[in-house]
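Secondary and tertiary structure notes
Chain by chain, the residues run as shown.
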Amino acid sequence: MTANEGAISAALNDIAPVLNKIPDPKKGELFPDEQLWAERHDYLLNRGYQLRPRYRPGWKASWKSVVPSPQHEDAIRLSIVGRIMDAERTSDGTFVMMKVVQRDSTELKITILLSTEGAPHNHTVPLMDILDDPLDPESCIMVLPLLRDSRQPPLTSVGDCVEFVEQTLEVGLIFFLQGFCLNYKQGIAFFHERNVAHRDCFIGNILMDARALYPGGWHPQQQNRHRSGRLMSDSWQPKRRSVGGVHYYFIDFGISSLNQNEVTGTRGQLKAPELSDTVPYNPYKVDIWLLGQSYYHMITEKYRGVEWIKSLITAMTDGNPAARPDIKECIARFDGIKATITPLTRAKRLHPQTPEWKLVQLGRDATYLVSAGIWALKLWKKPLQPYLPMDNKNVPPSILRHYSTSEDVTVAIPTSGAEHQRTVSGQEPVVSG
């Protein structure tokens with residue numbers, strides 16, 4: 001045996017134990033991260049959450065072919081390894097996502113702080129429940145609604161674009177009888193007012209409640225498939241306007257900061273120019289840059305005739321953080337933009353960057369306007385209500401005890417017009433708006 005052959009043989013012997021642990025898809029074996037969720041099955045069912053058949057006791061693979069196909073629903077494994085799993089709430093059939101987090105994590109602390117305030121206009125992902133983790137006493141399981149990637153189906157009207165920016169950026173108005181109106185915070189304005197910087201608010205962390213678009217649902221691990229595993233047709237895609245718009249939510253506060261005007265770190269989906277592991281930077285200006293990039297990728301990169309938003313995007317994505325507007329300036333600029341967009345313009349179809357024949361474009365535009373009118377007439381029904389978070393008073397003591405130190409602060413959270421106090425943070429006081 002040559003020296004090279006000997007080295008190869010030794011290397012194969014070293015990795016053999018690892019290779020032996022790799023599950024065989026032909027036999028329907030679970031991956032290691034899936035096995036952990038299967039071990040939690042009975043506990044979760046006891047708490048009112050049912051996992052898919054793949055993770056239930058006694059599961060046997062339904063496929064007979066050598067290589068399983070996604071058409072077999074129980075062949076679809078987790079798309080995000082480890083900490084995230086889908087389930088069904090047994091009390092009402094609501095589909096949810098579960099995420100394992102550390103009990104003392106900033107992510108859980110910020111999610112509790114933001115999610116339980118100002119619903120339903122709050123655009124923080126609603127925290128529907130918190131469960132103990134039966135496998136790790138230092139962890140817990142956040143129960144969140146099943147949401148959908150905001151890029152699929154794509155935006156189709158000017159109104160879709162306005163609504164996307166409106167919900168993720170700024171302040172809105174609620175109108176009451178006798179002409180009285182009240183400002184309410186939405187999106188990043190809501191976060192920044194509470195001294196929270198998301199730091200990863202790019203498209204992948206802006207999801208939508210798409211229940212009205214897909215009444216039959218979609219598969220939680222592969223959203224281009226039905227819950228049965230059958231592939232969805234590409235020939236028809238629902239339009240946001242047809243259901244009166246959708247509700248957007250920010251998810252994943254894993255690298256977010258609270259009460260910090262300067263931070264370091266380079267994690268995230270998209271890297272702002274100033275990110276550094278050694279030189280501190282302003283996290284709120286990073287949020288502005290990331291939102292501007294989201295608007296670029298969702299709107300101006302894909303469509304023609306959207307000049308109205310370009311100046312705002314240019315300002316928000318300036319390479320110099322000091323030159324970028326803060327959230328209040330962004331809101332002021334967007335308010336000026338909205339004032340120029342008429343209801344008819346909102347109803348117009350977006351034109352893709354790929355050129356269209358003039359007659360084809362006119363025909364599609366006319367068809368879309370007629371459809372928009374029909375949709376408006378049909379929307380007399382009561383709209384689908386947004387997901388609501390758990391009552392903040394129901395946060396388990398086993399979770400809150402992690403924030404019960406001498407440094408804890410009291411956060412005032414408005415509930416039905418009255419205020420009550422709750423200890424959540426471990427840093428400087430946060431004043432609720």
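What comes next is a walk through the structure. (Residues numbered from 1 in each chain as written. Predicted model: local features only at pLDDT ≥ 70, side-chain atom pairs only at ≥ 80, totals over all residues. Heavy atoms only, no water.)

Counting secondary structure elements, the chain contains 12 helices and 18 strands. Counting the 433 residues in the chain, one finds 47% classified as buried. When contacts within the chain are restricted to residue pairs at least 6 apart in sequence, long-range pairs at least 24 apart make up 66% of them. Surface exposure of the chain reaches about 21,800 Å², of which carbon and sulfur atoms provide 56%. (Helix = DSSP H or I, 4+ residues; strand = E, 2+ residues; numbered from the N terminus. Buried < 20%, exposed > 50% of the residue type's maximum accessible area, 1.4 Å probe, protein only. Contact = heavy atoms within 4.5 Å. Areas by Shrake-Rupley, 256 points an atom, 1.4 Å probe, with all protein chains shown as cover.)

Let us now look at the layout of surface pockets. Its boundaries defined by the atoms lining it, the second largest pocket holds a volume of some 670 Å³. Lining the second largest pocket we find 29 residues, and of these Ile-80, Ile-84, Met-97, Leu-207 and Ile-251 sit closest to its centre. Only β3 (95-102), α4 (106-115), β5 (139-145) and β6 (148-149) provide two or more residues apiece to the lining of the second largest pocket. Across the lining of the second largest pocket, the residue classes tally to 16 nonpolar, 6 polar and 7 charged. (1 Å grid on protein atoms, 1.4 Å probe; cavity = no way out; pocket = protein on both sides within 12 Å on 5 of 7 lines; lining within 4 Å. Points joined across faces, edges and corners; volume = space filled by probe spheres on them. Nonpolar A, V, L, I, M, F, W, Y, C, P; charged D, E, K, R; others polar.)

What follows deals with the packing of aromatic side chains. On inspection of all chains with the given rule, the structure shows 7 aromatic pairs. Each ring, one from Phe-164 and one from Tyr-248, has its centre 5.1 Å from the other, and the planes form 85°; the classification is edge-to-face. Separated by 84 residues along the polypeptide, Phe-164 in helix α5 (residues 158-169) and Tyr-248 in strand β11 (residues 247-250) bring together distant segments of the chain. Residue Phe-164 is classed as buried on the basis of its relative accessible area, which comes to 0%. These aromatic residues form a ring-pair network of at least three members: Phe-190, Phe-191, Phe-250 and Phe-253. Just above the ring of Phe-95 sits the side chain of Arg-227; from NZ or CZ to the centre is 3.4 Å. (Phe/Tyr/Trp six-rings, centres within 6.5 Å; stacked < 30°, edge-to-face > 60°. Lys NZ or Arg CZ within 6 Å of the ring centre and 35° of its normal.)

Here we have 5 strands laid out as an open sheet, ordered β1-β2-β3-β5-β4, and antiparallel in their pairing. Among the strands making up the open sheet, the edge pair consists of β1 (49-50) and β4 (129-132). Of the strand pairs in this sheet, strand β2 (residues 84-89) and β3 are connected by 5 bridges, and their pairing is antiparallel. Looking across to β3, one finds that Ile-84 is bridged to Lys-99. (Pairing = 2+ DSSP bridges.)

Here we come to the pairing of β4. As judged from the 4 bridges shared by β4 and β5, these two strands associate in the antiparallel manner. Looking at the pairing, Asp-129 lines up with Val-143 of β5. Taken together, β4 and the strand that follows it, β5, pair antiparallel across an intervening segment of 6 residues.

Relative to the elements of secondary structure, Gly-229 occurs in the loop between β10 (206-209) and β11. By relative accessible area, Gly-229 is classed as buried at 0%. Sequence-distant contacts of Gly-229, defined by excluding residues within four places in its chain, comprise Pro-70, Gln-71, Glu-73 and Ile-76.

Turning our attention to the packing of α5 against helix α7 (residues 283-300). Relative orientation and spacing of two packed helices are given, respectively, by the angle between their axes and the distance between those axes. For the pair α5 and α7, interaxial distance at closest approach is 11 Å and the crossing angle is 165°. Between α5 and α7, the angle is such that the two are roughly antiparallel. α5 and α7 meet at a crossing whose hand is right-handed. Two secondary-structure elements touch here, α5 through Cys-161, Phe-164, Val-165, Thr-168 and Leu-169 and α7 through Leu-291, Tyr-295, Met-298 and Ile-299. When its residues are assigned to classes, the contact of α5 with α7 shows 8 nonpolar, 1 polar and no charged. (Axes fitted to C-alpha atoms, helices over the stretch in contact; angles between N-to-C directions. Parallel < 35°, antiparallel > 145°, perpendicular 65-115°, else oblique. Left-handed = near helix turned anticlockwise from the far one by under 90°.)

Quick look at the side chain of Ser-294 now. Looking at where Ser-294 falls in the secondary structure, it is placed in helix α7. A polar side-chain atom of Ser-294 sits 3.4 Å from the main-chain amide nitrogen of Ile-203. Leaving out residues up to four positions away in the same chain, Ser-294 has contacts with Cys-201, Phe-202, Ile-203 and Ile-206. (Polar contact = N/O pair within 3.5 Å; in protein donor to acceptor, adjacent residues only side chain to side chain.)

Right, let's get into the sheet that holds β10. Taking strand neighbours across the sheet as the criterion, the 3 strands line up as β6-β10-β11 in an open arrangement whose pairing is antiparallel. The open sheet has two edge strands with one neighbour each: β6 and β11. Along the sheet face, α5 touches β10 and β11 and points at about 40° away from the line of β11.

Inspection of the entire model under this criterion finds 22 salt bridges. Glu-34 is the partner of Arg-54 in a salt bridge, and the nearest nitrogen-oxygen pair spans 2.8 Å. Highlighted residues: Arg-54 in the loop between β1 and β2 and Glu-34 in helix α2 (residues 32-39), separated in sequence by 20 residues. A relative accessible area of 4% means that Arg-54 is categorised as buried. Glu-34 sits in the buried class, given a relative accessible area of 0%. (Salt bridge = Lys/Arg side-chain N within 4 Å of Asp/Glu carboxyl O.)

Moving on: the environment of Ile-110. Mapped onto the fold, Ile-110 is located in helix α4. C-alpha separation for the pair Ile-110 and Ser-257, spaced 147 residues apart in sequence, amounts to 8.4 Å. Leaving out residues up to four positions away in the same chain, Ile-110 has contacts with Ser-115, Val-196, Phe-253, Ser-256, Ser-257 and Leu-258.

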